[in-house]
Amino acid sequence: MNARALLALFFTVAVWGVGPVFIRTLSVELGPADHLAIRYALVSLAYVAGLAIIGGWRIERTDWPRLAVVSFVGMLGYNLGSAFGFAYVTAGIGSLIIGTQPLLIALLASLVAHERLTMATGIGLAVAFAGTALLVWNDLGGPVGGAEFVAGSALVFLCGVAWAIYVVLSKPLIQKYGAYSITALSISLAGFAILALFARSSTLATVSAMTARNWLDMGFLAVLSTFIATITWNYGVARLPAAAAGAFIYLVPIVGVFSGALLLGEAVTAEMLVGGGLILLGVAIAQFAPLVKFGGKSLAVVALVFAVTMWGLIPVAMRYLILATSPNAAMVLRLYPAGVIAVAVLLVVGVKPIAWRDWGRIAIAALAGNVAYQVLAAHGMQSVPASWTGLIFGLEPVFIALFAVVLAGERLTAWLIAGIGLALLGTLALMLGSSLVPASEVSPLGLLLVTLSTMGWGIYTVAIRPVSQRLGAFEVACLALGLSALPMIFFVPPDLPQVAQSMDLSQWLAVGFAVVFGTFLATAAWNYGLGHMESSLAGVFLYVQPIVAAAGGIVILGEPPTWPLAAGGALIIAGVALAQFGPRLRRTQFAAENP
């Protein structure tokens, strides 16, 4: 591999990673408006001089509207969002939010340039969005300082949207006129607009008061970040495979986080680590999944991982909503909109003719499975932390296996009996521990309701699988969700309008996550994976769900990790593993002894 190209890309990501530190410093010390005016006065002069020397400023009349959008929406929007956003957001968090840019570019390219949006890109967008929401979760609906932080985060995110507009719309112009000409013209036009908007007599006073440190920061952004790093990036990208070059993008937010910690003393929190990890994971899924020949079980694996990750975060979102509203309100706000979306989608995509026996399976899955699951879980979570709920949801694989025996005629093995016994012993440990832990907020009745709710999901999984294979996983998921929404009319609390009016932004975001990602998309993904994989193998992925839920409850909701949580969770997971993998280990041992 080209060593010079690698060095060029390492240099580029180091410069771009440190850039947010200097953007934040200048925005705070000089003010966002003066920072932009001074910086772009210097940059625009340099680019205009370059255009005068080498030419390249002639643009056909028909291309000026596109160049105007690129300059005044893309380039100008990017700089306004970053300068004003970093005035309220730390360099580390801002760098992580900017890390969503590759996904925004892919999404915009599918909308504007009609490039194909793959399932992997959609999953990547969902995962990265969850990470971005996690970064600002604790400040949503908070005091004034929190509101400023959220506004700053939104501006930084919008600067990424603006940059996506710039990248997608400028591509035809760059191909026609060359990279330098379009870069110089767009930056110069944006610079003139910045000067018209923000340059004033007080800006000269700011210039005269700038310290040597301010000039060094300005020089870093104007010379290294804007000029040299762009050249080294293009040099490296031209000499390395696209996948290898794209991988360097992941280093930019990481460098930004550590630069903010080292140079500005910013704290690195658990929310930053988990949220940043989700953002990078989402970008990785979108970028590298197309390089793999997905199909069959490979795509089923992606779908199942997405589903169980979203479901792992559902106890966190629902617990947050239940405590803020009520079990019935939270349940109605989740299931009814999801059902409406599902029915609307079915009207567009259509569905194959359904036999009466299949309608019976769908009804059993929707009513005995999903509705019972939601009702019991919602009322149980009122007195059970999200981390505890998530671990109890880890019982789902053994209940799936148990109902496969009862409903589908599969064989009951000694391994399944032993696994169920061990897993239920873990649930008993949670119930006993809830009464022994001082000041525990855990109710044994709530634990029992959550445990019973997992049986509902076992019924759903076993009942829905044959229909999904015949009619299509996505269509059947939509049908089941639509039917599940109908009984919600009996659970609507009388004060629901007043509750909805009093909900803040964070609570509505929790509803949106539960409806779109945790219910609609996750259920469709689960049914797709289940339709392309054996039930027992699909159940393996449910191990991810309790881990995500426990981590989410502790990190996002601040729930304390206790010894009953650890002991009971370990017994549950061990029991599920024994029930699921015991027969396979036995078969493997028998094959080894009898070759």
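Residues numbered from 1 in each chain as written. Predicted model: local features only at pLDDT ≥ 70, side-chain atom pairs only at ≥ 80, totals over all residues. Heavy atoms only, no water.

(A) Inspection of the pattern of salt bridges at higher detail. A full pass over the atoms with the stated rule returns 5 salt bridges. For Glu60, the salt bridge goes to Lys176, with nearest N and O atoms at 3.1 Å. One end of the pair, Glu60, is in the loop between helix 2 (32-54) and helix 3 (64-85); the other, Lys176, is in helix 7 (residues 144-177), and 116 residues separate them in sequence. Owing to a relative accessible area of 44%, Glu60 belongs among the partly exposed residues under this scheme. Residue Asp358 pairs with Arg470 through a salt bridge whose shortest N-O separation is 2.4 Å. In this pair, Asp358 is assigned in helix 16 (residues 356-381) and Arg470 in helix 20 (residues 444-471), connecting sequence segments 112 residues apart. In the salt-bridge network here, residues are joined through shared partners; they are Glu60, Asp63 and Lys176. (Salt bridge = Lys/Arg side-chain N within 4 Å of Asp/Glu carboxyl O. Helix = DSSP H or I, 4+ residues; strand = E, 2+ residues; numbered from the N terminus. Buried < 20%, exposed > 50% of the residue type's maximum accessible area, 1.4 Å probe, protein only.)

(B) Main features of the packing of aromatic side chains. Tallied over the full model, the rule gives 6 aromatic pairs. Taken together, a centroid distance of 4.5 Å and an interplanar angle of 45° make the contact between Phe22 and Phe220 tilted. With Phe22 in helix 1 (residues 3-30) and Phe220 in helix 10 (residues 212-239), this pair connects stretches of sequence that are 198 residues apart. A single burial state applies to Phe22 and to Phe220, both of which are buried. Ring centres of Tyr78 and Trp163 lie 5.2 Å apart, and the angle between their planes is 50°; this geometry places the pair in the tilted category. Linking Tyr78 in helix 3 with Trp163 in helix 7, this pair joins segments that are 85 residues apart in sequence. Within the aromatic cluster, the residues linked to one another by ring pairs are Tyr78, Trp163 and Tyr166. (Phe/Tyr/Trp six-rings, centres within 6.5 Å; stacked < 30°, edge-to-face > 60°.)

(C) Quick peek at empty space enclosed by the protein. Across all of its chains, the model carries 2 cavities of 30 Å³ or more by this definition. By volume, the largest cavity is sized at about 130 Å³. Lining of the largest cavity is provided by 15 residues; of these, Trp311, Asn370, Tyr373, Gln374 and Trp457 occupy positions nearest its centre. At the level of secondary structure, the elements contributing two or more residues to the lining of the largest cavity comprise helix 14 (297-324), helix 16, helix 20, helix 21 (473-485) and helix 23 (505-531). Of the residues assigned to the lining of the largest cavity, the class counts are 7 nonpolar, 6 polar and 2 charged. Considering only enclosed or pocket space, the second largest cavity measures out at about 30 Å³ in volume. As for the second largest cavity, its lining consists of Ile314, Pro315, Arg334, Tyr373, Gln374, Ala377, Met381 and Phe393. Counting only elements with at least two residues in the lining of the second largest cavity, the list comes to helix 14 and helix 16. Per-element accounting of the lining of the second largest cavity gives the leading share, 4 residues, to helix 16. Within the lining of the second largest cavity, the residues separate by chemical class into 6 nonpolar, 1 polar and 1 charged. (1 Å grid on protein atoms, 1.4 Å probe; cavity = no way out; pocket = protein on both sides within 12 Å on 5 of 7 lines; lining within 4 Å. Points joined across faces, edges and corners; volume = space filled by probe spheres on them. Nonpolar A, V, L, I, M, F, W, Y, C, P; charged D, E, K, R; others polar.)

(D) Focus on the side chain of Thr25. Position of Thr25 relative to the elements: it lies in helix 1. Of the polar contacts made by the side chain of Thr25, one reaches the backbone oxygen of Val21; its length is 2.8 Å. (Polar contact = N/O pair within 3.5 Å; in protein donor to acceptor, adjacent residues only side chain to side chain.)

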